[in-house]
Amino acid sequence: MYTAHPDRYTDMPYRRTGSSGLKLPALSLGLWHNFGPERPAETQRAILRRAFDLGVTHFDLANNYGPPPGAAESALGDALRADFAPYRDELVISTKAGHLMWPGPYGEWGSRKYMLSSLDQSLKRLGLDYVDIFYSHRPDPETPLEETMGALHTAVQQGKALYVGVSNYSAQETREAARILGDLGTPLLIHQPRYSMLDRRPESEGVLDTLDELQAGSIVYSPLEQGVLTGRYLDGIPADSRAASDSPFLSSDALSEDLVGRLRALNDLAGSRGQSLAQLALAWVLRGGRVTSALVGASSPRQLEDSVGAIRHLEFDAAELARIDAILKG
């Protein structure tokens, strides 16, 4: 029987999500690719237990996470029953709907029918009565935004979600989604954009500025750029790495000689701060407090521990930030 570590809340910083009362850990665990039948169930449970022991109280999912789609929610549901039943009220569990889940015209995007049907299926897989955060995973170019946001509002009204969010929305779409939700009486809690040292679009395209204006939170995904911003590729492409596989998310061509040279320079800077490259990258997205939480994945408890180590040094001086910009801009 799993018993959570008594000191689990000692070190992890918790940040208020926008102007809401909900606090999230600076690092949250994303269950995107490492939870499902292709991975040993005991390893998955060990990662979840270690995360919670380290103060990671937020587990982030989507209906299509696995593989196959739905498998990550089922895996977490098994772990919740086996290990976390006494701790449900200490956890924030989120899921999303938007990508393809079943055949036909009602199996993806943002219609009311799809969104609420998907949430019901997610709750069954998780074995829960409600999730803490329910997201629209991507904007639907053909469904009125009022309908998608109305479905999120209904989920809250039905008691199936406590808060709602959006992911992969532009600044203008986010502003309009917040207006619609506000008129309905369900505030937009949070946005989940992709953001890293190598992908700064939330800055350049105004998403972070919009969230500041709306007083909404942000939780960023891919802060390590599919493992690029780790020490994994500093000396070539390992045979068992994502870049060496047929992954659609990272190809070997992306790891140019120029990029690897920049990664090595960043690694040197990380070393001068007493950090790994991954810890530097995570601290960078969390700098200044604009980002509420950063999502990390893990294939082992040890990998998770390295990521969580970033919380020991989250501050940067002006010279360090300038050095990072110089390295990346060349």
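In what follows, the structure referred to is the one given above.
For clarity, every value in this text was computed on a predicted model and none was experimentally measured.

1. What to know about the pattern of salt bridges
Two side chains carrying opposite charge are able to pair once their charged atoms lie near each other.
Next up, step 1: Counted under the stated rule, the structure contains 23 salt bridges.
Next up, step 2: For K160, the salt bridge goes to D120, with nearest N and O atoms at 2.7 Å. Linking K160 in the loop between helix 4 (145–157) and strand 7 (161–167) with D120 in helix 3 (residues 112–126), this pair joins segments that are 40 residues apart in sequence.
Next up, step 3: A relative accessible area of 21% means that K160 is categorised as partly exposed.
Next up, step 4: On the basis of relative accessible area, D120 is assigned to the partly exposed category, the value being 31%.
Next up, step 5: In this structure, the salt-bridge partner of R290 is D209, at a minimum N-O distance of 2.7 Å. Of the two residues, R290 sits in the loop between helix 9 (277–286) and strand 10 (293–296) while D209 sits in helix 7 (residues 207–214), which places them 81 residues apart along the sequence.
Next up, step 6: Its relative accessible area of 39% is what places D209 among the partly exposed residues.
Next up, step 7: Within the structure, one salt-bridge network assembled from shared partners comprises E42, R45, R49 and D83.

2. Observations concerning the nonpolar core
Next up, step 1: Counting 88 residues, the largest nonpolar core has L29 and F84 as the members making the most contacts within it.
Next up, step 2: If you tally residues by element for this core, the top one is helix 9, at nine residues.
Next up, step 3: If we skip the residues at most four places from it in the chain, F84 touches Y2, L48, R49, F52, F59, A79 and L91.
Next up, step 4: L22, I133, I190 and I219 belong to the second-largest nonpolar core, a separate cluster that totals nine residues.

3. Some words on the sheet that holds strand 4 (residues 58–60)
Next up, step 1: The eight strands are arranged 3-4-5-6-7-8-9-10 in a closed barrel whose pairing can be described as parallel. Taking the axes of each pair of neighbouring strands and ignoring which way they run, one obtains an average angle of 30° across the sheet.
Next up, step 2: Here three bridges tie strand 4 to strand 5 (residues 92–97), and the two strands are oriented parallel to one another. Residue pairing in the sheet places F59 in a bridge with I93 of strand 5.
Next up, step 3: Sheet strands in contact with helix 4 are strand 6 (131–136) and strand 7, and its direction is about 160° off that of strand 7.
Next up, step 4: Contacting strand 7 and strand 8 (188–192), helix 5 (residues 171–184) runs over the sheet at an angle of about 160° to strand 8.

4. Notes on the packing of aromatic side chains
Where two aromatic rings form a pair, the distance of their centres and the angle of their planes describe that pair.
Next up, step 1: The full count for this structure, using the stated rule, is eight aromatic pairs.
Next up, step 2: Plain terms: the ring middles of Y9 and Y14 are 6.1 Å apart, the flat faces sit at 55° to each other, and that makes the pair tilted.
Next up, step 3: According to the relative accessible area criterion, Y9 is partly exposed, its value standing at 39%.
Next up, step 4: A relative accessible area of 26% means that Y14 is categorised as partly exposed.
Next up, step 5: Cluster of aromatic residues (ring-pair linked, three or more members): Y2, F52, F59, F84 and Y87.
Next up, step 6: The ring of W109 has R138 lying over it, and the distance from NZ or CZ to the ring centre is 3.6 Å.
Next up, step 7: The residue whose ring lies beneath R273 is F316, and the NZ or CZ to ring-centre distance is 3.9 Å.

Basis of the calculations
Residues numbered from 1 in each chain as written. Predicted model: local features only at pLDDT ≥ 70, side-chain atom pairs only at ≥ 80, totals over all residues. Heavy atoms only, no water. Salt bridge = Lys/Arg side-chain N within 4 Å of Asp/Glu carboxyl O. Helix = DSSP H or I, 4+ residues; strand = E, 2+ residues; numbered from the N terminus. Buried < 20%, exposed > 50% of the residue type's maximum accessible area, 1.4 Å probe, protein only. Core = buried A, V, L, I, M, F, W, Y, C linked by side-chain atoms within 4.5 Å. Contact = heavy atoms within 4.5 Å. Pairing = 2+ DSSP bridges. Axes fitted to C-alpha atoms, helices over the stretch in contact; angles between N-to-C directions. Phe/Tyr/Trp six-rings, centres within 6.5 Å; stacked < 30°, edge-to-face > 60°. Lys NZ or Arg CZ within 6 Å of the ring centre and 35° of its normal.

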